[in-house]
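Chain by chain, the residues run as shown.
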2 protein chains.
Amino acid sequence: MTTIDSSCAIARSLSVVGERWTLLIMREALSGVTRFARFRDALCVAPDVLTNRLNTLVDYGAMTREPYQEPGSRVRFAYALTPAGRELVVVLAALQQWGDQHLPWPDGPSILRVARETGRPLHVGFVDDTGTEVGLDDVDLVRTAAYPSSPAAGR
Amino acid sequence: MTTIDSSCAIARSLSVVGERWTLLIMREALSGVTRFARFRDALCVAPDVLTNRLNTLVDYGAMTREPYQEPGSRVRFAYALTPAGRELVVVLAALQQWGDQHLPWPDGPSILRVARETGRPLHVGFVDDTGTEVGLDDVDLVRTAAYPSSPAAGR
DNA sequence: CCTCCTGAGTAGGTCCGACCAACTTAGCAG
DNA sequence: CTGCTAAGTTGGTCGGACCTACTCAGGAGG
């Protein structure tokens, strides 16, 4: 996936988070995991692949790699989400919502999205600049002048 | 990706749409593409890979494969989005929004999301059951009883 | 009739990346 | 000085992505 230079924002995002394991790594990170071995053990992902994915996440600003030192231990490295990385919760929640609806699981959802303040259930949707929600059928994707006219340029 | 039987809805969704090309195929489908050759030419994807991806999308209910016949031509097949497939616009828009914000492109966004009725710009976000938007920091992901306790079960 | 063209794939070979297991390196604990 | 652990690196295998060429069916044109 070397399409980071695509004019399509979807393709650019996918070049960062579209490889295998990456979004599952972000799921773990959002639930508080920061260390290499915990990612590896939680996901059973091969260490070389994990190294690779963490590096691209750091390279593109979704995570930071920072040394830390627990008392009585040597310096180690922690992977922390950046604000940009934290915003991927929208993508993850959208995938989760889709999976819950269209690929249901006998026991029901294993994770719910609720508002921290009110406890109300949440869903992911489209909102306009006045804060009112808009249904999927009212969403229009319009091309700007930046849209490429040549074929295959949207790759 | 044979994790369609995961208890995690994110992992299940990714087993359907998480492979390379799949979400780009859905992007084309959402902009009206229905035929094999048009997908292939728009994305420059290898035909065997395209066959494979279209089949899994059909298998899991995101698309249908239906024969059609243009006058003066033999029967061919069209790939059409199902309602479930159309709902993936939320995932695509979330990826697009993230890419526009964090991996910007010199010419600016090539596609905008606007409300069909009002023309107002749209973004993807969390909405509660009263229709009010909730900021990312107010989103809480809570585990239900269906959440697996064994390690690596969330894969 | 024979040939060409087009749409929708299938088939064969190459190569890269995921996977697995073993090894490494650095520091602390006993 | 021997283990133990965290955080990787390295080497080999194998499946899937990739590219090219081929197939197959039905018009259209000559």
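Since this is a predicted model, take the numbers as computed values, not measurements.

Focus: the overall build of chain A
No. 1: The helix and strand inventory of chain A stands at six helices and six strands.
No. 2: Taken from N to C terminus, the helices and strands of chain A fall in the order α-α-α-α-β-β-α-α-β-β-β-β.
No. 3: Summarising its shape, the C-alpha atoms of chain A cover approximately 60 × 45 × 35 Å along the three principal directions.
No. 4: In chain A, buried positions account for 37% of the 155 residues.
No. 5: Excluding contacts between residues fewer than 6 apart, the proportion of contacts in chain A whose partners are at least 24 apart in sequence is 38%.

Quick notes on the environment of S15 of chain A
Residue and element names in this part refer to chain A.
No. 1: Residue placement: S15 occurs in helix 1 (residues 9–17).
No. 2: The exposure class of S15 is partly exposed, given the 19 C-beta atoms found within 10 Å.
No. 3: Residues S15 and V89, 74 residues apart in the sequence, show an inter-C-alpha distance of 17 Å.

Topic: the interface of chain B and chain A
No. 1: Taken together, the contact between chain B and chain A spans 76 residues of the former and 76 residues of the latter.
No. 2: A per-class count over the side of chain B that touches chain A returns 43 nonpolar, 14 polar and 19 charged.
No. 3: Pairing between strand 6 (residues 139–143) of chain A and strand 3 (residues 111–115) of chain B: five bridges, direction antiparallel. Its bridge partner lying in strand 3 of chain B, D140 of chain A is registered against V114 of chain B.

Examining unusual backbone geometry
All names here are of chain A.
No. 1: Non-glycine residue W21 carries a positive phi angle of around 80°.
No. 2: Tracing the sequence through the fold places W21 in the loop between helix 1 and helix 2 (22–30).
No. 3: On the neighbour-count criterion, W21 (19 C-beta atoms within 10 Å) is partly exposed.

Regarding the relation of the copies chain B and chain A
No. 1: At an RMSD of 0.0 Å, chain B and chain A line up after a rotation of 180° and a shift of 0.0 Å along the axis. Seen this way, the second copy is the image of the first under a two-fold rotation axis.

What about the nonpolar core?
No. 1: Of all hydrophobic cores here, the largest spans 73 residues; its most connected members are V91 and A94 of chain A together with V91 and A94 of chain B.
No. 2: Setting aside anything within four residues of it in sequence, one finds V91 of chain A in contact with V91, A94, L95 and W98 of chain B.

Quick notes on helix 4 (residues 47–59) of chain A
Residues and elements named next belong to chain A.
No. 1: Between the first and last C-alpha of helix 4 there are 18 Å, a value that for 13 residues agrees with the 18 Å anticipated at 1.5 Å per step.
No. 2: Listing the buried residues of helix 4 in full gives R53, L54 and L57. Taken end-on, helix 4 shows its buried residues confined to a sector of 100°, consistent with a single buried face. In helix 4, those exposed residues whose orientation departs by more than 90 degrees from the buried face are D48, T51, N55 and D59.

Overview of the packing of helix 6 (residues 89–102) of chain A against helix 1 (residues 9–17) of chain B
No. 1: The geometry of helix 6 of chain A relative to helix 1 of chain B is characterised by a closest axis approach of 7 Å and an angle of 85° between their N-to-C directions. In terms of orientation, helix 6 of chain A lies roughly perpendicular with respect to helix 1 of chain B. Along the contact surface, helix 6 of chain A presents L92, L95, Q96, W98, G99 and D100 of chain A, while helix 1 of chain B presents A9, I10, R12, S13 and L14 of chain B.

Notes on the sheet that holds strand 5 (residues 133–134) of chain B
No. 1: If you trace the four strands from one edge of the open sheet to the other, you get 5(A)-4(A)-4(B)-5(B), paired in antiparallel fashion. Edge strands, defined here as strands with exactly one partner in the open sheet, are strand 5 (133–134) of chain A together with strand 5 of chain B.
No. 2: One ladder, built from seven bridges, connects strand 4 (residues 122–128) of chain A with strand 4 (residues 122–128) of chain B; its direction is antiparallel. For L122 of chain A, the partnering residue across the bridge sits in strand 4 of chain B and is D128 of chain B.
No. 3: Against the sheet, helix 6 of chain A makes contact with strand 4 of chain A together with strand 4 of chain B, and its axis sits at roughly 120° relative to strand 4 of chain A, the strand it touches most.

Considerations on helix 1 of chain A
No. 1: The buried count for helix 1 of chain A comes to eight of nine residues, which makes it a mostly enclosed element.
No. 2: For helix 1 of chain A, the set of buried residues is A9, I10, A11, R12, S13, L14, V16 and V17 of chain A.

A closer look at the environment of S7 of chain B
All names here are of chain B.
No. 1: By the secondary structure assignment, S7 is in the segment before helix 1.
No. 2: For S7, a count of 20 C-beta atoms within 10 Å corresponds to the buried category.
No. 3: In this structure the C-alpha to C-alpha distance between S7 and H102, which are 95 residues apart in sequence, comes to 31 Å.

Quick look at the environment of A9 of chain B
No. 1: Tracing the sequence through the fold places A9 of chain B in helix 1.
No. 2: Taking the C-alpha atoms as reference points, A9 of chain B and T130 of chain B, 121 residues apart in sequence, are found 24 Å from one another.
No. 3: Not counting residues within four places of it along the chain, the set of residues in contact with A9 of chain B comprises Q96, G99, D100 and P109 of chain A.

Side note on the confidence of the model for chain A
No. 1: Averaged over every residue, the pLDDT of chain A is 89; residues scoring 70 or more account for 90%.
No. 2: Here residues 150–155 of chain A is modelled with pLDDT under 50, and outside its nearest four sequence neighbours on either side it reaches 17 contacts, counting other chains as well.

What counts as what
Residues numbered from 1 in each chain as written. Chains lettered and ligands numbered in written order. Predicted model: local features only at pLDDT ≥ 70, side-chain atom pairs only at ≥ 80, totals over all residues. Helix = DSSP H or I, 4+ residues; strand = E, 2+ residues; numbered from the N terminus. Buried ≥ 20, exposed ≤ 12 C-beta atoms within 10 Å, placed from the backbone. Contact = placed C-beta atoms within 7 Å. Nonpolar A, V, L, I, M, F, W, Y, C, P; charged D, E, K, R; others polar. Pairing = 2+ DSSP bridges. Least-squares fit on C-alpha atoms with pLDDT ≥ 70 in both. Core = buried A, V, L, I, M, F, W, Y, C linked by C-beta atoms within 7 Å. Expected span 1.5 Å × (residues − 1). Arc of directions from axis to C-beta. Axes fitted to C-alpha atoms, helices over the stretch in contact; angles between N-to-C directions. Parallel < 35°, antiparallel > 145°, perpendicular 65-115°, else oblique. pLDDT = per-residue confidence, 0-100.

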